[in-house]
There are 6 protein chains.
Amino acid sequence: MFSYQKRLQYPVNIKKKDLRMAKYIVTQYGGSNGELAAALRYMNQRMTMPDNKGKALLNDIATEELGHVEMLETMVYQLMKDATLEELKEAGLDAHYAEHAKALYPTDSNGVPFTATYFATTGDPLADLAEDMAAEQKARAVYENLIDLTDDPDVIGPLLWLRQREVVHYARFKELFEDYQKKLKNGANELPKGEMPLMKENLKGNFYPIGGDTLVEQLYMDNNFYR
Amino acid sequence: MFSYQKRLQYPVNIKKKDLRMAKYIVTQYGGSNGELAAALRYMNQRMTMPDNKGKALLNDIATEELGHVEMLETMVYQLMKDATLEELKEAGLDAHYAEHAKALYPTDSNGVPFTATYFATTGDPLADLAEDMAAEQKARAVYENLIDLTDDPDVIGPLLWLRQREVVHYARFKELFEDYQKKLKNGANELPKGEMPLMKENLKGNFYPIGGDTLVEQLYMDNNFYR
Amino acid sequence: MFSYQKRLQYPVNIKKKDLRMAKYIVTQYGGSNGELAAALRYMNQRMTMPDNKGKALLNDIATEELGHVEMLETMVYQLMKDATLEELKEAGLDAHYAEHAKALYPTDSNGVPFTATYFATTGDPLADLAEDMAAEQKARAVYENLIDLTDDPDVIGPLLWLRQREVVHYARFKELFEDYQKKLKNGANELPKGEMPLMKENLKGNFYPIGGDTLVEQLYMDNNFYR
Amino acid sequence: MFSYQKRLQYPVNIKKKDLRMAKYIVTQYGGSNGELAAALRYMNQRMTMPDNKGKALLNDIATEELGHVEMLETMVYQLMKDATLEELKEAGLDAHYAEHAKALYPTDSNGVPFTATYFATTGDPLADLAEDMAAEQKARAVYENLIDLTDDPDVIGPLLWLRQREVVHYARFKELFEDYQKKLKNGANELPKGEMPLMKENLKGNFYPIGGDTLVEQLYMDNNFYR
Amino acid sequence: MFSYQKRLQYPVNIKKKDLRMAKYIVTQYGGSNGELAAALRYMNQRMTMPDNKGKALLNDIATEELGHVEMLETMVYQLMKDATLEELKEAGLDAHYAEHAKALYPTDSNGVPFTATYFATTGDPLADLAEDMAAEQKARAVYENLIDLTDDPDVIGPLLWLRQREVVHYARFKELFEDYQKKLKNGANELPKGEMPLMKENLKGNFYPIGGDTLVEQLYMDNNFYR
Amino acid sequence: MFSYQKRLQYPVNIKKKDLRMAKYIVTQYGGSNGELAAALRYMNQRMTMPDNKGKALLNDIATEELGHVEMLETMVYQLMKDATLEELKEAGLDAHYAEHAKALYPTDSNGVPFTATYFATTGDPLADLAEDMAAEQKARAVYENLIDLTDDPDVIGPLLWLRQREVVHYARFKELFEDYQKKLKNGANELPKGEMPLMKENLKGNFYPIGGDTLVEQLYMDNNFYR
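For clarity, every value in this text was computed on a predicted model and none was experimentally measured. (Residues numbered from 1 in each chain as written. Chains lettered and ligands numbered in written order. Predicted model: local features only at pLDDT ≥ 70, side-chain atom pairs only at ≥ 80, totals over all residues. Heavy atoms only, no water.)

**A look at the overall build of chain A**
Counting secondary structure elements, chain A contains eight helices and one strand. Along the chain direction, N to C, the helices and strands of chain A fall in the order β-α-α-α-α-α-α-α-α. Scored against the burial criterion, the 227 residues of chain A give a buried share of 70%. A separation of at least 24 residues holds for 76% of the contacts in chain A among residues at least 6 apart in sequence. As displayed, chain A offers around 6900 Å² of accessible surface, 50% of which is attributable to carbon and sulfur atoms. (Helix = DSSP H or I, 4+ residues; strand = E, 2+ residues; numbered from the N terminus. Buried < 20%, exposed > 50% of the residue type's maximum accessible area, 1.4 Å probe, protein only. Contact = heavy atoms within 4.5 Å. Areas by Shrake-Rupley, 256 points an atom, 1.4 Å probe, with all protein chains shown as cover.)

**Quick notes on the relation of the copies chain D and chain C**
Least-squares fitting of chain D to chain C yields an RMSD of 0.0 Å, with the transformation described by 0.0 Å of translation along the axis and a rotation of 180 degrees. Seen this way, the second copy is the image of the first under a two-fold rotation axis. Among all residues of chain D, the minimum C-alpha distance to the rotation axis is found for T115 of chain D, at 2.1 Å. The share of interface residues of chain D whose copies in chain C are also at the interface is 100%, consistent with both copies meeting through the same surface. (Least-squares fit on C-alpha atoms with pLDDT ≥ 70 in both.)

**A few points about the side chain of N44 of chain F**
With respect to the helices, strands and loops of the structure, N44 of chain F is situated in helix α2 (residues 35–45). Each residue touching N44 of chain F, except ones within four places of it in the same chain, is listed here: Y29, E73, L104, Y105 and P106 of chain E together with F119 and T121 of chain F.

**Describing the packing of aromatic side chains**
Here the structure, examined in full by the defined rule, presents 33 aromatic pairs over all chains. Where F114 of chain A meets Y118 of chain A, the ring centres are 5.8 Å apart and the plane angle is 70 degrees; that geometry is what we call edge-to-face. Residue F114 of chain A shares its accessibility class with Y118 of chain A, and that shared class is buried. Pairing Y10 of chain E with W161 of chain E gives two aromatic rings, centres 5.0 Å apart and planes at 20 degrees, and the pair type is stacked. Remark: W161 of chain E occurs in helix α7 (residues 153–185) and Y10 of chain E occurs in the loop between β1 (2–4) and α1 (19–30); sequence separation between them is 151 residues. In this structure an aromatic cluster arises from ring pairing among F114 and Y118 of chain A together with F114 and Y118 of chain B. (Phe/Tyr/Trp six-rings, centres within 6.5 Å; stacked < 30°, edge-to-face > 60°.)

**Some points on helix α6 (residues 125–148) of chain F**
Residue and element names in this part refer to chain F. Across its 24 residues, α6 extends 35 Å between first and last C-alpha, which sits within 8% of the 34 Å expected from 1.5 Å per residue. Burial of α6 is extensive: 23 of the 24 residues sit out of reach of the surface. The N-cap of α6, judged by a side-chain oxygen 3.0 Å from the amide nitrogen of L126 a few residues on, is D124. (Expected span 1.5 Å × (residues − 1). Polar contact = N/O pair within 3.5 Å; in protein donor to acceptor, adjacent residues only side chain to side chain.)

**Things to note about the interface of chain D and chain C**
Many structure descriptions define interface size as the accessible area lost when the parts assemble. Between chain D and chain C, the contact holds 45 residues from the first and 45 residues from the second. Both sides together, the interface formed by chain D and chain C hides about 4000 Å², and carbon and sulfur atoms give 57% of it. Together, M1, F2 and M47 of chain D form the three largest contributors to the area buried by chain D at its contact with chain C, with a combined 19%. In this structure, the connection of chain D to chain C is made through four salt bridges. Between E73 of chain D and R46 of chain C there is a salt bridge, and its shortest N-O distance comes to 2.7 Å. At the boundary of chain D and chain C, one finds 29 residue pairs in polar contact (both at pLDDT 80 or more). The element best represented in the side of chain D that touches chain C is helix α3 (residues 52–80) of chain D, accounting for 10 residues. The class makeup of the residues in the side of chain D that touches chain C is 22 nonpolar, 15 polar and eight charged. The sheet contact formed by strand β1 (residues 2–4) of chain C and strand β1 (residues 2–4) of chain D spans three bridges and is antiparallel. Considered in β1 of chain D, the bridge of F2 of chain C is made with Y4 of chain D. (Buried area = accessible area lost by both parts, 1.4 Å probe. Salt bridge = Lys/Arg side-chain N within 4 Å of Asp/Glu carboxyl O. Nonpolar A, V, L, I, M, F, W, Y, C, P; charged D, E, K, R; others polar. Pairing = 2+ DSSP bridges.)

**Notes on unusual backbone geometry**
We note that A101 of chain B has phi near 50 degrees; this positive angle belongs to a residue other than glycine. The exposure class of A101 of chain B is buried, given its relative accessible area of 10%.

**Examining empty space enclosed by the protein**
Tallying each qualifying case throughout the model produces 17 cavities of 30 Å³ or more. Its volume calculated, the largest cavity comes out at about 650 Å³. In this structure, the largest cavity is lined by 29 residues; those nearest its centre are T115 of chain A, T115 of chain B, T115 of chain C, T115 of chain D together with T115 of chain E. Classifying every residue of the lining of the largest cavity by side-chain character gives 17 nonpolar, 12 polar and no charged. (1 Å grid on protein atoms, 1.4 Å probe; cavity = no way out; pocket = protein on both sides within 12 Å on 5 of 7 lines; lining within 4 Å. Points joined across faces, edges and corners; volume = space filled by probe spheres on them.)

Here it is, written out as C-alpha cells:
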C-alpha cells in the first residue's frame, strides 16, 4: 500500500507564472512519455517479474514516479494559479479554462487525455525491461525539450533533477536486463521465453529480399532525397 | 510524495484460480468506474479545492484509492497466476494472453484500455465533489455486480471491504459538498462560482416547451412502450 | 421516437462573429461535460430505471438535452459563419478549417473528438442518478466558465438560459435520488442493489490505516505544501 | 428542437430473450457503422449544406436516425432484460454485466465505446454527401449481417425495416449529390469548392509510376497470391 | 510485399519554412480524412473483394497512398526542419516540440493521434467501395482547404498533384462500384449481399411518419431558422 | 516511394481454418506491439535520424515491416475465409462478423482498434532507438505467445520466421544505439541532446528518499507479499 508524506520528493517553488510553460510541462504528466505512464507501467509489470529483485525494482521505481507525477502537478499548478483570464487566452490555455477552469487534468500539450495505450506489459521480463529502458530514455528527451523551452531557474531546477532520475532509472533497468539475459544464456529456467533456436534455416530459400538487394547490403544504404 | 509500505491495505489471499472472475475484477481496476480513475480524479482535483480541508480530504482519499488499485491488481494476479493455456482459452482470456501473457494491464472487462476521459475536473468545488460522489456510487454498484458474480469467500471478503470504503468516501464527499454549499449561501467568497442569479426572467416568453406540454407537467409523465 | 419542430428551444441570434468563443462553446457540445454526453447518458439510462417516474424523467430530460445540443451547434455556426481565412488563423481555428472547413464537429475546445467514455451507465438507479446530478453540476460550471469568456449579450443570453436549465435538472434528479433512497430504506424491493449490510466487522483488525494515523483523524488533516 | 412522441418509429416486440443477438445488435447502435454515428453525422453536416433543400434533407434524416437509435436500444433491452446471471455468462455478456449490469451503453459488439471519429464532416457538400452515401451502404451491410445471425421473426422484422430505410436514405443522398454535381458544372457559385482545373500538366514528366508499369495498365492487374 | 524506391512519387522541394502550414498538412497525413487512413483502408479491404479486378484495384491504390503518406511526411519535415524554438512557439508547434521535438508523428492538426476508427471495412463490396469513394471525396476537400491556406508554389504544386490523384481514384472506385452493382442486378452470385427484396409491405401500416407529415413530403421541406 | 511486388516476403499457405488463431494473430497486426505500429514508428522516426546510416536503417526496416503487416493479414484471412457462421460464433468472432463480416480490420485480440498512441517519436536518436529496441523485444514476446497457442506447422512456420526477423532488427537497432552513444561521448555534435552535465549536486540536500531508506538501499529490497 501507499502512504502519503507531506512534502514533495524534490522542492518546487515557482514564483513567476508562465502559462505556456504550464502547457508544455503537462505533457510530462499526462502525455505519451510522461510520469503517469511510467508509474502505471511499472506498477503493472512488477507482479510478473521472475524474481524478488525484479519485483522490488519495479515497485520502488513505480513509487518514485508517483512522486514525480505530484511534482509535475505542483509545477503546473504554480505556473498557472495566478493567471488572469486575459493571460490564459494569450497562452492558448483558454481551451483548458473552458472545460477545467484552472484545475489539473492529465493530457499532453495538445490537450489529448491520458490513455493506457501509452505503455505496454508483455509478461516477458526482457521485453518489459526493454520497454522500461525506452520509457526512461524518452522521458529524458522530453525533459531536455522542456528545459530548452524556459529560462526560469525555479523551473529548470526540478526539471533537471527529474531528468537525472530518469538517467538513474535507465541504468537500473539496464543492469537488470543484462542480468536476466545472462541467466537466460546459462539456461536458468525461471525465464520462460526467449530460448527458441534462431532458426537460421528459415532464412534460406524462401526469403524475398527487399528492394532487389540482399537484406544485409540494403541495410545502411544511402537514402538522401528527403533531406 | 508517496512512500510504499510492504503490505496491502486489506489482505488478499485467494487460493482458487478463477479466470472469469479475474476478467470481471479488472474492470474495477482499469474500467470506467474503477479505482485507478478514482485515484487520478482526486489527485487532480485536490489542488484547486478552496480550502485546506478540501485539499486534505481529496489527497487522503486519493492515496487510499492507490492502495485499492494495488489490492485489485493482487486479486487479478492471484486469480490468474496458476492458469494453464487451456484454462485461459476457456475463460476468454486467450485474447489477453496473446498480447500480455499473464501480465496485468489496466482495462475494462472487454479489454478496452484505461483512459483519463473516465473522469472530469472542473475547478468548481461543487461540481468536482458531485463528480466524486457519483464516482463512489458507481464504484459501489460495480462492487455489488462483482460480488454477484462469485461464490468464493476469499474473493468476496476484499470486495465487500472495498465496497464499504466507497460508502464511507461517499459520506465524506457529501459532508464537504453540503459544507461548501452552505458557505456559498452565506456569501463566503472563497467559492468563486455558482452565485449567479437564477435569471427567472429568462424562463418567460421565449421558452418552447417540449412535446406540447408545459415542462413541469411533462416531467414524470408516463412513458411505457418500451417495457 | 423523436420529431423535429422548426424552432430552437430558446432563440439564438448572434450578430457578431467571435471565433475564439466558437472554439470555447464547442466543448459544451462535444466535450467531457457537454450536452451531447448528457443527452446520450440519459437516453441510455432511462430504460433500466426502476419505475415509470424514473423512465419518464430521464426520457424527458434526454429530449431536452438534444435541443440544447442544437442550440450550441447554432451558436458555434453563427459565431463562425462569416469569418475570413485570416480571422480563422488568428483565432486558432485554422486547425479546424484544414479538416472541416466551417462545418461543425463534436469535440472539446482542444479538438479532441467526442467519446462515449465521458459518461457511464451502471443499471443501479442511485449510481446512475448520482452520475446525472454530477453531470448537471459540471455542465453548470462549464457554462459559468463560458460566460466569463465573453461580453456579448447575444451570447450570454442563451448561455445563462442553458445554465439555468442545468440547475433545474439537477433539482429534479436530486428529488428522484432521495425518493429512491427512501424507498430503499423502507425495504421496497424494486431497487435490486444497495441493501447489503455495512459489514462493520470488516473494518476491524485487518485494516491498515494510511500515513500512520487512524483514517478518521487523517481525513481533514492539513496539507499545505503545494499551495 | 426535438420533441418526443410516445411510440417507436416501427414497433419492437421481442418475446424471446437472446443475449448473443443483444451483443451483436448493439454494434448497430454504438458501433462504427451504427445509427448513433449516422444521426450525429447528419446533425452536424446539415448546417453547412449550401441550400435549404440540403439542410432539410440532412435535418430530417438525422431526426429519423434518432428514432432508429431508440429502436435498437429497445431491441437490446428486450433481448437482455429477463436474462439470468448464468445466461449472461454463457453469452459473453458477463463483461458487460460487471460494468453496466443490464443497462444500455453505446459500444460495438466487442465493447469498444462509441467515438465521434466514426464519422466526418468536411463542409464540402459533395464530400459530405459521399460520406453519407457510404454510411447508408455500410449500415445496410451490417443489417444484413445481423439478419444472418438470427432466426427470430420478431428480431428480423425491425431489422429488415431498418435496412430498408437505409436503402431509401441512400437514394435521397445520391439524388442530392447528383443535383449538386450538376449545379457545379453549370457554374453555380453556391458551391465553393471543386472547380479547380484538373491540372493535367501535373501528371507529365514528374510522375513516377508504381511498380514499373504505367498507372493505367497497373490498375486492374492480376494479384492472386493471397487467395 | 512492398519494396522501396529511392525517390518520391512526385517531387517535393520546399525552400521556405512555414510552420503553420506544417501544422495544417499533418492532418492529411494522420487525420480523419488523410492518406494513412486511406492506405490502411484499402490494404484491409482488398482481400475480401469478390474478384481479381477488385483485389488489384484496391491493392494498387493502397500502394500509391503509401507513397502519398511519404510525400506528406516530407512536406511536413521540410516546412519544419530549419525552425528556431521561437518560431515554433509563434506557430503553435511548441506543444508538438515538447513531446516530439521536430520528429514526425501522425495526428490531425489539433494533435489528436491517428486511429483506425477513421475508416471502416464491411466485407460487402458495395459498402466498401462507397466508403472508398467517400474517402477520396473527403481527401479532395481537405487538399482544397490546404491549398487555400498557402501561397507558396512549392507547397501548392504537390498538393495539387495529390488532389488530382484523389479525383482519379474516385473515378476508378466509381467504375468498379457500378460494375459490381450491374452484376448484382444480373443475378451474378459472387456478390453475397444486397439482393434482399425491398420489403415494401414493411412500409405500410406500422410506420410512424416524422413530424406529422408523410416521409416523402417532409424530405426537402424548408428549414431555415438557424441560418 | 513504395512499389508492390506480387509475392509475400515469406510464404503463407495455411490449409486448416482456425478462427481462434485468427483472433489471436490479429493483435500482432493491429495491436499494441504489432507490425503496423512498428512500420509506422520507423517510417516517422527515420526523417529525424542524425545521419544517413540511421535514416537508411529505419527506412529499410519500416519497408520490411509493411511486408510483415501483409503476411499477418494473409494469415488472418486464410484462417478465417472458409468459416461458417456457426464456427464464427463458437470462436467468438461473431462480434467481428456483425461489423466486418470476414473483412480484415486492424485491432488487438479484444477488438480494440489500432491507435498511433502505441508508438512514440521524440526526435532524440537515442530515445527513438531505445523505443525501437523495445518494440522488437515486445514483438518477439508476442510471437512466442502466438506460437504457444497453436500446433499447426503451417501457422508456426511464418510466425517463427517473423519472430526471427525481430531478433535481427533488435540487433541492428542496438548496434546503431551504441554507435550513436559513442559518438556522443566523443563530442560529436550531430547529436543535439543528452550532453547535459549529470548535475550531481542536484542529488544532495534536497532529495527526500522513499520509504525511509536511502534510494540505493531501497532498490532491490525484498517485496514479497503479493506472490
